[in-house]
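# Commentary on secondary and tertiary structure
Next come the chains, spelled out residue by residue.
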Amino acid sequence: MASVRVRFAPSPTGMLHVGGARTALFNWLYARHTGGRFILRIEDTDRARSTDEAVAIIFDGLRWLGLDWDEGPGVGGSLGPYFQSQRTEIYAGYVDRLLSSGTAYEADGAIRFRMPKSPCIIRDLICGDVRFDRLEEPDIVIRRSDGSPVFHLVNVVDDIEMGITHVIRGEDHLSNTPKHMALFEALGAPIPQYAHIPLILNPNGSKMSKRDEGASIGEYIRSAFVPEAVRNYLCLLGWSPKDDREILPIDEVERLFDLGNVNRANARFDLRKLVWMNGQYLRALSPRAIRELAQPLLAAAGLADASADPAHTEAVIGLFREKLQRADELPGRAVYFFKDDYPVEPDAAARLADPANRENLRLLVPAFESLGEFTAAATEAAVRDLAAKSGQKAATFIHPCRAAVSGCTAGPSLFHMLEVLGRETTLIRLRSASA
RNA sequence: GGCCCCGUCGUCUAGUGGUUAGGACACAGCCCUCUCAAGGCUGGUACACGGGUUCGACUCCCGUCGGGGCUGCCA
């Protein structure tokens, strides 16, 4: 059997949609699983929308997800060019063939293809056999009166020219497939195997489109999601390993993935679960990796630019790592590690207004001053010692202290936090709060 | 409207004639604990409906209902 050749053929619309990304992923997985080739082809026949920037967004999204292509823009291949805008001669040749064989004709300046009025059966690898009677199919336009070729034609021509063996695409194309099969037949080309994958829907069940929350891969890149997490989540929309595993390394998915075990029902997109999964991946990352991921976000928030001490940033990240689900939570939660003018929550302010708490904060100052090493262990010992001597619970020192040094009522372990803050900053904030 | 696909907890799914219908997210409670998380434990919630077939249906068939897609000189 000839080796598998699959393709992802997006049109540059200015974004990479999660549905498109999932289609690309399944094509890529199938190619990797079978040892075949994954081809990227840009369907940029609509010149107005197809800017270099729009094309770059697709490349960036695919690369971010780790979906490398074997043939296509940037990597070449013998069956290019891989931009439809550069293939107009090829399409013209095929239209001529259709015209001279009589299976296409001119009408109102456009060229129409004679749709056969006979039944056809799609032997779909996912949907099973699907029969279309095709009795009333109108003759489709394959070249517009302005001379530009239409999607159905270019799609089929390119699949023929590029030797595509398996067409893996969204189920929204299932109804188009009889047209495509007729075109393959009229051109004397073998019909590829089809695999129509279910669609990704909004939480409310409507079709997910550009504007919907979470629809753009670019959003995940900008908010510093872990690409492996997004990819892992996408794998599970319409496919599963059939056991109870969900967090799966990609090479394991490559090994297990097959078109036969792709679901047939549409799936709704659940951002909460994606975020949970992102948290799972995030926690497995080193503080350094998280720092690199979150760097643009921290810089944008004015917290840690290029000149910031990476060791300090990583120490801060170490404190938060277990608590984060998304890297973009970091700037909002770690302000007080980077600036002295951090916000104070109302509950924290109330705590600091309490005279009893302020008295405890005053006691903390000399206790911390006298410490040899300002470590988490040392400050904790000092606080617990102070609590014991004053007959109070440690919490009556801990909570006000947290409020005093961070302006928050929740955060990382207090003592580890103090260590990262350092003695000097800690004492300044304690004195200021208790004054 | 016509044609096509689909229908297991709120969501993602496992299940291919006999299961206490499993897992995960979310939710609730408990444990842990300096807070918040994380983690652990526990709990509730599902086979769309109606007919068949069968000793026996979530599993097979038909119908209904519901959701989605296509029906362009968009892709």
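Residues numbered from 1 in each chain as written. Chains lettered and ligands numbered in written order. Predicted model: local features only at pLDDT ≥ 70, side-chain atom pairs only at ≥ 80, totals over all residues. Heavy atoms only, no water.

Check the secondary structure of chain A and you find 19 helices and 11 strands. Taking 2.2 N^0.38 as the reference for a compact globule, 435 residues should give roughly 22 Å; the C-alpha atoms of chain A span a radius of gyration of 30 Å, well beyond that estimate. Seen along its three principal axes, the alpha-carbon backbone of chain A occupies a region of about 100 × 45 × 35 Å. Long-range pairs, those at least 24 residues apart, make up 73% of the contacts in chain A with a sequence separation of at least 6. Just so you have it, chain A exposes about 19600 Å², and 50% of that area is on carbon and sulfur atoms. When the 51 positive and 57 negative side-chain charges of chain A are each reduced to one mean point, those points stand 2 Å apart. (Helix = DSSP H or I, 4+ residues; strand = E, 2+ residues; numbered from the N terminus. Rg over C-alpha atoms; globule rule 2.2 N^0.38 Å. Contact = heavy atoms within 4.5 Å. Areas by Shrake-Rupley, 256 points an atom, 1.4 Å probe, with all protein chains shown as cover. Lys, Arg positive; Asp, Glu negative; His and termini not counted. Charge placed at Lys NZ, Arg CZ, Asp CG, Glu CD.)

Another aspect to go through is the packing of helix H15 (residues 355-369) against helix H17 (residues 395-406). Each pair of packed helices can be summarised by the angle the axes make with each other and by the distance between the axes. Two numbers describe how H15 lies on H17: the axes approach to 9 Å, and their chain directions differ by 85 degrees. As summarised for this structure, H15 and H17 are arranged roughly perpendicular, according to the angle between their axes. In contact with Asn 357, Asn 360, Leu 361, Leu 363 and Leu 364 of H15, H17 contributes Thr 396, Phe 397, Pro 400, Cys 401 and Ala 404. Its residues assigned to classes, the contact of H15 with H17 shows seven nonpolar, three polar and no charged. (Axes fitted to C-alpha atoms, helices over the stretch in contact; angles between N-to-C directions. Parallel < 35°, antiparallel > 145°, perpendicular 65-115°, else oblique. Nonpolar A, V, L, I, M, F, W, Y, C, P; charged D, E, K, R; others polar.)

This part covers the packing of aromatic side chains. Enumeration over the complete set of coordinates arrives at nine aromatic pairs. Arranged with centres 4.9 Å apart and planes meeting at 75 degrees, the rings of Tyr 220 and Phe 225 form a pair that is edge-to-face. Residue Tyr 220 shares its accessibility class with Phe 225, and that shared class is buried. Measuring from centroid to centroid gives 6.2 Å for Tyr 336 and Tyr 342, while their planes differ by 75 degrees, and the two rings are edge-to-face. Of the two residues examined, Tyr 336 and Tyr 342, each falls in the buried class. Here a set of aromatic residues connected by ring pairs shows up, and it is made of Phe 320, Tyr 336, Phe 337 and Tyr 342. Note that Arg 22 overlies the ring of Phe 26, its terminal NZ or CZ placed 5.0 Å from the centroid. (Phe/Tyr/Trp six-rings, centres within 6.5 Å; stacked < 30°, edge-to-face > 60°. Buried < 20%, exposed > 50% of the residue type's maximum accessible area, 1.4 Å probe, protein only. Lys NZ or Arg CZ within 6 Å of the ring centre and 35° of its normal.)

This paragraph deals with the protein's contact with RNA strand B. By nearness alone, 57 residues border RNA strand B, and Arg 144, Glu 246, Arg 264, Lys 323 and Gly 411 come closest of all. Take the atoms of RNA strand B that sit within 4 Å of the protein: sugar and phosphate atoms are 74% of them. Ser 145 places a polar main-chain atom, nitrogen or oxygen, 3.0 Å from a base oxygen of RNA strand B. A distance of 3.4 Å is found between a phosphate oxygen of RNA strand B and a side-chain nitrogen or oxygen belonging to Gln 280. (Near = heavy atom within 4 Å. Polar contact = N/O pair within 3.5 Å; in protein donor to acceptor, adjacent residues only side chain to side chain.)

So, on to the environment of Asp 158. Among the structural elements, Asp 158 can be located in helix H4 (residues 151-161). Relative accessible area serves as the criterion here: at 0%, Asp 158 is assigned to the buried category. Sequence separation between Asp 158 and Asp 309 is 151 residues, and the spatial gap between their C-alpha atoms is 52 Å.

This paragraph deals with the domain arrangement of chain A. One can read the domain layout of chain A as domain 1 (88-197), domain 2 (286-333) and domain 3 (346-434). Each of domain 2 and domain 3 has a C-alpha centre, and the two are 24 Å apart. Counting residues at the interface gives six residues for domain 2 and five residues for domain 3. A buried area of about 450 Å², summed over both sides, lies between domain 2 and domain 3, and 84% of it is on carbon and sulfur atoms. Remark: the boundary between domain 2 and domain 3 carries zero residue pairs in polar contact (both at pLDDT 80 or more). Among the residues making up the side of domain 2 that touches domain 3, the classes are represented as four nonpolar, one polar and one charged. (Domains from an automatic or database assignment. Buried area = accessible area lost by both parts, 1.4 Å probe.)

Now for the pattern of salt bridges. The final tally for this structure, using the stated rule, is 26 salt bridges. Here Arg 41 and Asp 159 are joined by a salt bridge, their closest N and O atoms 2.9 Å apart. Of this pair, Arg 41 sits in the loop between strand S2 (37-40) and helix H2 (52-64) while Asp 159 sits in helix H4, and the two are 118 residues apart along the sequence. Taking the relative accessible area as the measure of exposure, Asp 159 reaches 3% and is therefore buried. Across the pair Arg 333 and Glu 329 runs a salt bridge, and its minimum N-O distance is 3.1 Å. Through salt bridges with shared partners, a single ionic network connects Arg 7, Arg 41, Glu 43, Arg 87, Asp 158 and Asp 159. (Salt bridge = Lys/Arg side-chain N within 4 Å of Asp/Glu carboxyl O.)

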